[in-house]
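The residues making up each chain are set out below.
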Amino acid sequence: MIHNPEIECMSREDMRKLQSERLQKTVKTCYENVPFYKRKMDEMGVKPEDIKSIDDIVKLPFTTKHDLRDEYPFGLQAVPQSEIRRIHASSGTTGKPVVGTYTENDLKMWAECVARVLAVGDVGPGDIVQVAYGYGLFTGGLGAHDGAALRGAIQLPTSSGNSEKQTMLMKDFGTTALCCTPSYALHLAEVIEKNPDIKPEDLKLRVGFFGAEPWTWGIRRELEKKLHLKAIDIYGLTEMCGPGVGGECQFQNGTHVAEDMFYPEIINPETLEPVAPGEEGELVFTSLCKEAMPILRYRTRDLTHLIYEPCECGRTSVRLGKILGRSDDMLIIRGVNVFPSQIETVLTEFPVFTPQYFITVDRKNNEDTFDLDVELRAEYFSPNPSKQMPFIKPLYDRIVSMVGIKPNIHIKEPGNIERSIGKAKHVLDKRTLLADWK
Ligand code: DLL
């Protein structure tokens, strides 16, 4: 089901017109109301009048995470405090959080974005939407909640954690749609597996909206099989609004961007020039109708590509390819670039392993070390190393051929790698810890 066909199926020409109008308005607001943008645009010699269409977006300055930190907490706000209705923030790994503020209208637009994604799973009146994203400063919980409300569905605000109770309610109440991180969904699937009173086929789950972290096709297959649902990818970031900046359709072939609200570009992170259409690079977003905190050309650090071909579903919007990861997630091990998502892809090709993994990188005797903890499923696990060897060898070979570096693989007992109730943490890079201490 398409929530807003008028916009989501709009002709490309009309969409560009709408984007051009909205960009002009956004740039004018930024120039007049946000000293940071006035300064940046003046430095570049760009005036709001120079922006005549969406193609002129390349004349505008970029905004980076550093800029947001420098302007923390409310320096980028374009409206007086009396117009703000809510504040969210994302934790980030170090330093101050990234802050998002919202006017009444911003909250409405945001709910609209999420509702468009939920409509993909036909979510509507009578559906029970279990929101197991964290409620609080994180945008996941309240974002999904408001989207479900706009679809007229029943909101079940379980938040994250308390997994036994979550699964009990899922069964007793008859949850039809689950919203949480894919890693938490995996954990819930395990909790269900261990509970003799709950069988996945007795649940009424139909669809899951999973996002907030990169996840691979292997994880999707696992979730769809274990939870008996269709797994839909939902993308977003606090800087734009939260979840709903984009979402997959039923064809699961890329994330449709809410392009009337967020204009995507892909740039080469080194040259900062746009890449050729369809090429991989850093995703950049400009908000087109945010009131409280409009953002010009925000460098997300997410690495992906744009898909322009029309989609079978009838939506005309541009799609994002699967997010490979963030440029700051990339590990350089013995000179080779490695993304945790590559390891996940390889691991999930081997059904004898659970999809759980943990990477530890360190530096010993002036050489990088790469340790990979994985779990054998219960039916294959043995504490005897010689019995583990036949499983380790094929995984080792595949990682070496795919990624190009040799891991030290350690087999853990099933359940031994720490599970996450929110965004999963897959990496400990002790080299950066050492560098921090120096
Ligand atoms: O994670 C918003 C969100 C909540 C999205 C719930 C989807 C569902 P932040 O905490 O600001 O906001 O983190 C944003 O998370 O730049 C990506 O690196 C990553 N991310 C979000 N969704 C996806 C996804 C929320 N579907 C950062 N696939 C983004 C891959 C994702 N990465």
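Anyway, here's the lowdown on the structure attached to this text.

### Remarks on the sheet that holds strand β3 (residues 128-131)
- Spatially, β4-β3-β5-β6-β7-β8-β9-β14-β13 is the arrangement adopted by the nine strands of the open sheet, whose pairing is mixed. Of all strands in the sheet, those with a lone pairing partner are β4 (154-156) and β13 (306-307), marking the two edges.
- Pairing of strand β5 (residues 177-180) with strand β6 (residues 207-211) involves four bridges; the strand directions are parallel. Its bridge partner lying in β6, L178 is registered against G208.
- The strands that helix α7 (residues 163-174) touches are β3, β4 and β5; relative to β3, the one it contacts most, it runs at about 175 degrees.
- The sheet strands contacting helix α8 (residues 182-194) are β5 and β6, and the helix crosses β5 at an angle near 125 degrees.

### Describing the sheet that holds strand β11 (residues 281-287)
- Overall, antiparallel pairing links the four strands, which are arranged β10-β11-β12-β15 in an open sheet. The outermost strands of the open sheet, each flanked by one partner alone, are β10 (262-267) and β15 (325-326).
- With two bridges connecting them, strand β12 (residues 298-304) and β15 associate as antiparallel partners. Across the sheet, residue D302 finds its bridge partner in β15, namely R326.

### Re the state of the cysteines
- Across all of its chains, the model carries zero disulfides by this definition.
- C311 supplies the cysteine sulfur nearest to C249, a cysteine that is in no disulfide, at a spacing of 3.7 Å.
- Taking the relative accessible area as the measure of exposure, C249 reaches 0% and is therefore buried.
- Here C313 stays unpaired: no disulfide links it, and the sulfur of C311, its closest cysteine neighbor, is 3.6 Å away.
- Residue C313 is classed as buried on the basis of its relative accessible area of 13%.

### Some details on the pattern of salt bridges
- Taken as a whole and judged by the stated rule, the model has 32 salt bridges.
- Residue R12 pairs with E259 through a salt bridge whose shortest N-O separation is 2.7 Å. Taken as a pair, R12 in helix α2 (residues 12-33) and E259 in the loop between β9 (255-257) and β10 lie far apart in primary sequence, 247 residues in all.
- Residue class for R12 comes out partly exposed when judged on its relative accessible area of 32%.
- On the basis of relative accessibility, which here comes to 3%, the residue E259 falls in the buried class.
- E248 is the salt-bridge partner of R220, the closest N and O atoms lying 2.7 Å from each other. Of this pair, R220 sits in helix α9 (residues 217-227) while E248 sits in strand β8 (residues 242-248), and the two are 28 residues apart along the sequence.

### Some words on helix α3 (residues 35-44)
- Those residues of α3 lying buried are F36, Y37 and M41. For α3, the angular spread of the buried residues around the axis is 120 degrees, confining them to a single face. In this structure, α3 carries P35 and E43 as exposed residues pointing more than 90 degrees from its buried face.
- Contact partners of the buried residues in α3: α2 and α4 (65-70).

### Thoughts on the packing of helix α10 (residues 340-347) against helix α11 (residues 385-403)
- Two numbers describe how α10 lies on α11: the axes approach to 10 Å, and their chain directions differ by 140 degrees. Relative to α11, α10 is oriented oblique. As for how α10 packs across α11, the hand of that crossing is right-handed. Taken together, the residues of α11 that come into contact with α10 (itself represented by Q342, I343, V346 and L347) are L395, R398, I399, M402 and V403.
- Residue classes in the contact of α10 with α11 are distributed as seven nonpolar, one polar and one charged.

### Looking at the nonpolar core
- Core analysis: the largest hydrophobic core is formed by 60 residues, its most contacted members being F209, F262 and F285.
- Element by element, the count of residues in this core is highest for helix α5 (residues 104-120), at seven residues.
- In terms of nonpolar packing, the next biggest core, distinct from the first, is built from 24 residues, V346, L347, V352 and L376 among them.

### A few points about the site of the ligand
- Around the ligand, 22 residues are found, and the nearest of them are D233, I234, T238, D302 and K423.
- Contacts to the ligand include P214, whose backbone N or O atom sits 3.4 Å from a nitrogen atom.
- One of the side-chain N or O atoms of T238 is found 2.5 Å from an oxygen atom in the ligand.
- Protein coverage of the free-state accessible area of the ligand, which is 610 Å², stands at 95%.
- For the shell around the ligand, the secondary structure elements donating two or more residues are α6 (139-150), β7 (230-237) and β8.
- Ranked by residues supplied to the shell around the ligand, first place goes to β7 with five residues.
- Tallied by class, residues from the shell around the ligand come to nine nonpolar, seven polar and six charged.

Scoring rules and cut-offs
- As a convention, each chain's residues are numbered from 1 in the sequence order in which they are written.
- Given that the model is predicted, a residue must reach a pLDDT of at least 70 before its local features are reported, and side-chain atom pairs must reach 80 or more before they are shown or counted; all residues, however, enter totals for whole chains, interfaces and linings.
- Computation of side-chain values covers all heavy atoms of the structure but excludes hydrogens and water.
- One bridge is not enough; two strands pair if DSSP finds at least two bridges between them.
- Elements are defined by DSSP. Helices are runs of H or I of four residues or more, strands are runs of E of two residues or more, and each kind is numbered from the N terminus.
- In this analysis, two residues are considered to be in contact whenever any of their non-hydrogen atoms come within 4.5 Å of each other.
- Note on definitions: angles span 0 to 180 degrees between N-to-C directions of axes, and those axes are lines fitted to C-alpha atoms, for helices only across the stretch in contact.
- By convention in this document, the label disulfide applies to cysteine sulfur atom pairs within 2.5 Å.
- Burial status follows relative accessibility: with a 1.4 Å probe on protein chains alone, a residue under 20% of its type maximum counts as buried, one over 50% as exposed, and anything between as partly exposed.
- Salt bridges are identified by distance alone: a Lys or Arg side-chain nitrogen within 4 Å of an Asp or Glu carboxyl oxygen.
- Within this analysis, the arc is defined by the directions that extend from the helix axis to the C-beta atoms.
- Oblique is the label for any angle not under 35 degrees, not over 145, and not in the 65 to 115 range, which are roughly parallel, roughly antiparallel and roughly perpendicular in turn.
- For any pair of crossing helices, the crossing counts as left-handed if the nearer helix is rotated counterclockwise from the farther one by less than a right angle, and right-handed if it is rotated clockwise.
- Ten residues, namely Ala, Val, Leu, Ile, Met, Phe, Trp, Tyr, Cys and Pro, are considered nonpolar, four, namely Asp, Glu, Lys and Arg, are considered charged, and the remaining ones, Gly among them, are considered polar.
- The definition of a nonpolar core used throughout is a set of buried Ala, Val, Leu, Ile, Met, Phe, Trp, Tyr and Cys residues joined through side-chain atoms within 4.5 Å.
- Here a residue counts as near a molecule or strand whenever at least one of its heavy atoms sits within 4 Å of it.
- A 3.5 Å cut-off defines polar contacts: any pair of N or O atoms within that distance qualifies, except that in protein one atom must be a possible hydrogen donor and the other a possible acceptor, and neighbouring residues in sequence count only when both atoms are side-chain atoms.
- A 1.4 Å probe and the Shrake-Rupley method give the accessible areas. Residues count as covered only by the protein chains that appear here.

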